[in-house]
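Listed below are the residues making up each chain.
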Amino acid sequence: MPQLDFSTFPSQAFWLVVSFALMWLVMAKMIVPKITDILNQRQRKIDDYLTAAGEFKQTAEEALEKYERVLREANAEAAENLRKAGEELEKKIAAREAEKSRRLAEATAENERRTEENRRQTMEQIEKEMKVIADSGMEEILILTGESRGQSSVEYIGEACKLARKYFRMVGLEIYPVNTDEYRYLHECGADYVTVFQETYDTDKYETLHLMGHKRVWPYRFDAQERALRGGMRGVAFSALLGLSDFRKDALASALHVYYLQRKYPHAEMSLSCPRLRPIINNDKINPLDVHEKQLCQIICAYRIFLPFVGITVSSRESASFRDGIVKIAATKVSAGVSTGIGDHDSKYNGKENEEPQGDEQFEINDSRSLDKMYQDIAEEGLQPVLNDYLYIG
């Protein structure tokens, strides 16, 4: 092989040395100086950049320190201004509140004065109506209110009961349902009988009739009679307004309601009212199911068979002929000289014109006989009219 030819080795060594020397000279004199110059220039630029960056950093730190100092001063000034504004606002609010309190105190005092004056006038009107009713020979009275506590508070009803006790032996209430302690208060004021119209035991129908307000709560109304008995009332009355829903189901539910409480409170007097829908305001919006006299008579007779010891009341919504007949069969109580309006007893009983504004009647009265006429008609049928069957002794 030529590479192993020892005769060529001297020449190869010679040219290797020559080539290495030439390459070293080129590198040392030309290439390395250029590379060194480039690196030196690069280092100088880096040093310049680092110097500029240091200057910029110092400038930024000085600016940040100045900014923070200005910000601290501004915050301190704002806090001081806010404190002063808060103190000023508190003074203004205190002054306004003091003025409002003064005006409210004056208005409250004036309202209390007017309320007391109105209450006194109202009580005088109530007592006048009660005296007219009592003078007719009535010994029992039923006090009715609407469903608004705001219009007829429990205290207001209690004052009316105290007046009623002066003129009547038995004071009944037909008011919005209240709590047990409130029934106890009304009993202490003189009331001893509570009537609550459940209207219907069909909860779905009930919700369509009462879309809002406290009357919408069906269970609270359902338990009203039991709360009244717990409050010390002597007796309670039940009623569904026959015709709002399926009257047979409502009649059965009413009877079962009485039966349940009769077993739980055997000492209490209980009664059933039997009203059916008659012409009333907005009657066309209720969609009543017709309940004729035949069906009503069947219901009352069923009540008497199922609950032989309860009282059964037939209101003046019914005709005179129907009431004259039903008292011979099952009814134990009928109303007379009834007024479903407000403040018109004097005009109805005595024929006097009432100068006070009168409210609309709740429903149409079919049997408008006076107490004397009703008493006479019952006696002529061979029955014994009783104005009151309960006496307080002592």
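Residues numbered from 1 in each chain as written. Predicted model: local features only at pLDDT ≥ 70, side-chain atom pairs only at ≥ 80, totals over all residues. Heavy atoms only, no water.

*Asks:* Got a sec to walk through a nonpolar patch on the surface? Specific residues and values, please.
*Replies:* A surface patch of nonpolar side chains, about 590 Å² in accessible area, is lined by Val-26, Met-27, Met-30, Ile-31, Val-32, Ile-35 and Leu-39. The topology assignment puts Ile-31 in helix 1 (residues 9-135). Judged by relative accessible area, which is 35%, Ile-31 ranks as partly exposed. (Patch = residues over 30% accessible without salt bridge, like charges linked within 9 Å, V, L, I, M, F, W, Y side chains within 5 Å. Areas by Shrake-Rupley, 256 points an atom, 1.4 Å probe, with all protein chains shown as cover. Salt bridge = Lys/Arg side-chain N within 4 Å of Asp/Glu carboxyl O. Helix = DSSP H or I, 4+ residues; strand = E, 2+ residues; numbered from the N terminus. Buried < 20%, exposed > 50% of the residue type's maximum accessible area, 1.4 Å probe, protein only.)

*Asks:* Provide a residue-level description of the pattern of salt bridges, including the pertinent values.
*Replies:* When the charged atoms of two side chains with opposite charge come close together, those side chains can pair. Scanning all chains against the criterion turns up 25 salt bridges. The closest approach of N and O atoms between Arg-234 and Glu-269, which form a salt bridge, is 2.5 Å. With a gap of 35 residues between them, Arg-234 in the loop between helix 6 (224-230) and strand 4 (235-240) and Glu-269 in strand 5 (residues 269-273) connect regions that are remote in the sequence. Counted as one network, the salt bridges with shared partners bring together Arg-323, Asp-324, Asp-367, Arg-369, Lys-373 and Asp-377.

*Asks:* Explain the sheet that holds strand 3 (residues 193-199) residue by residue, including any values.
*Replies:* Spatial strand order, 1-2-3-4-5-6-7: seven strands in an open sheet with parallel pairing. The open sheet is flanked by strand 1 (140-144) and strand 7 (333-334), the only strands paired with a single partner. Bridging between strand 3 and strand 4 involves six bridges; their strand directions are parallel. Paired with Phe-197 across the two strands is Ser-239, which belongs to strand 4. (Pairing = 2+ DSSP bridges.)

*Asks:* Break down empty space enclosed by the protein for me, citing the residues and quoting the values.
*Replies:* Throughout the structure, instances matching the rule amount to two cavities of 30 Å³ or more. Contributing to the lining of the largest cavity are Glu-147, Pro-177, Tyr-206, His-214, Lys-215, Val-217, Tyr-220 and Arg-221. Its residues placed into classes, the lining of the largest cavity shows four nonpolar, one polar and three charged. Taken as a whole, the second largest cavity spans an internal volume of roughly 40 Å³. The wall of the second largest cavity is formed by Glu-140, Met-170, Tyr-193, Arg-234, Glu-269, Lys-333 and Asp-389. Looking at side-chain class alone, the lining of the second largest cavity contains two nonpolar, no polar and five charged residues. (1 Å grid on protein atoms, 1.4 Å probe; cavity = no way out; pocket = protein on both sides within 12 Å on 5 of 7 lines; lining within 4 Å. Points joined across faces, edges and corners; volume = space filled by probe spheres on them. Nonpolar A, V, L, I, M, F, W, Y, C, P; charged D, E, K, R; others polar.)

*Asks:* If you had to explain the confidence of the model for the chain to someone new, which residues and values would you point to?
*Replies:* Confidence in the prediction for the chain averages 83 pLDDT; 85% of positions are at 70 or higher. Counting contacts from residues 357-361, a segment whose pLDDT is below 50, to residues more than four positions away or on other chains yields 14 contacts. (pLDDT = per-residue confidence, 0-100. Contact = heavy atoms within 4.5 Å.)

*Asks:* Break down the packing of helix 2 (residues 154-167) against helix 3 (residues 180-189) for me, with residues and values.
*Replies:* Two elements in contact, helix 2 and helix 3, have axes separated by 8 Å at closest approach and are oriented at 25 degrees. The angle between the axes of helix 2 and helix 3 places the two elements in the roughly parallel class. For the crossing formed where helix 2 meets helix 3, the hand is right-handed. Facing Val-154, Glu-155, Ile-157, Gly-158, Glu-159, Cys-161 and Lys-162 of helix 2, the residues of helix 3 in contact are Glu-182, Tyr-185, Leu-186 and Cys-189. (Axes fitted to C-alpha atoms, helices over the stretch in contact; angles between N-to-C directions. Parallel < 35°, antiparallel > 145°, perpendicular 65-115°, else oblique. Left-handed = near helix turned anticlockwise from the far one by under 90°.)

*Asks:* Report on the packing of aromatic side chains, specifying residues and quantitative values.
*Replies:* Geometry of an aromatic ring pair is reported as the spacing of the ring centres plus the angle between the planes. According to the stated counting rule, one finds four aromatic pairs in the structure shown. The interplanar angle of 90 degrees and the centroid separation of 6.2 Å between the aromatic rings of Tyr-201 and Phe-222 together place this pair among those described as edge-to-face. Of this pair, Tyr-201 sits in the loop between strand 3 and helix 4 (203-209) while Phe-222 is found in helix 5 (residues 218-222), placing the two residues 21 residues apart along the sequence. Classification of Phe-222 by relative accessible area gives partly exposed; the value is 25%. Residue placement shows Arg-227 over the ring face of Tyr-220; its charged tip is 3.8 Å from the ring centre. (Phe/Tyr/Trp six-rings, centres within 6.5 Å; stacked < 30°, edge-to-face > 60°. Lys NZ or Arg CZ within 6 Å of the ring centre and 35° of its normal.)

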